[in-house]
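# Structural overview for review
Each chain, letter by letter, is given below.
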Amino acid sequence: MIAQMLLKSKEKSTYKEDSVGEKPIRSVAKALSWRVVGTLDTLIVSYVLTGRISLAASIASVDFLTKLVLYFFHERIWNVIKWGK
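Only a predicted model underlies this, so the values are computations on that prediction, with no experimental measurement involved. (Residues numbered from 1 in each chain as written. Predicted model: local features only at pLDDT ≥ 70, side-chain atom pairs only at ≥ 80, totals over all residues. Heavy atoms only, no water.)

### Here we look at the packing of aromatic side chains
- Here the structure, examined in full by the defined rule, presents two aromatic pairs.
- With a centroid separation of 5.3 Å and 80° between ring planes, the pair formed by F72 and F73 is classed as edge-to-face.
- With a centroid separation of 6.2 Å and 55° between ring planes, the pair formed by W78 and W83 is classed as tilted.
- W78 gets classed as partly exposed once you look at its relative accessible area, which sits at 42%. (Phe/Tyr/Trp six-rings, centres within 6.5 Å; stacked < 30°, edge-to-face > 60°. Buried < 20%, exposed > 50% of the residue type's maximum accessible area, 1.4 Å probe, protein only.)

Here you go:
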């Protein structure tokens, strides 16, 4: 996708074209995959700091849910911003 954007650098895309290419379900998939990575990191760091797997899992669970929602809305807002397109 980045290569395509670089190759079409002289052409301006419209919001309609961008919204078709970046559907909300894509944002959900990206949010889920990133949160799996982030949650594993949080789980490991929490366990190292607390020494208790149950507490680390609780922290990682809350972190997963809150940041998943925040990331989704962050992606959708950036999809509307025309800067850098």
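Text resumes after the structure shown.
### A word on a nonpolar patch on the surface
- A contiguous nonpolar surface patch, about 680 Å² in accessible area, is contributed by V69, F73, I77, W78, I81 and W83.
- You can see I77 is positioned in helix α4 (residues 53-80).
- Note on I77: relative accessible area 53%, which makes it exposed. (Patch = residues over 30% accessible without salt bridge, like charges linked within 9 Å, V, L, I, M, F, W, Y side chains within 5 Å. Areas by Shrake-Rupley, 256 points an atom, 1.4 Å probe, with all protein chains shown as cover. Salt bridge = Lys/Arg side-chain N within 4 Å of Asp/Glu carboxyl O. Helix = DSSP H or I, 4+ residues; strand = E, 2+ residues; numbered from the N terminus.)

The values reported here are purely geometric and, on their own, carry no functional implication.
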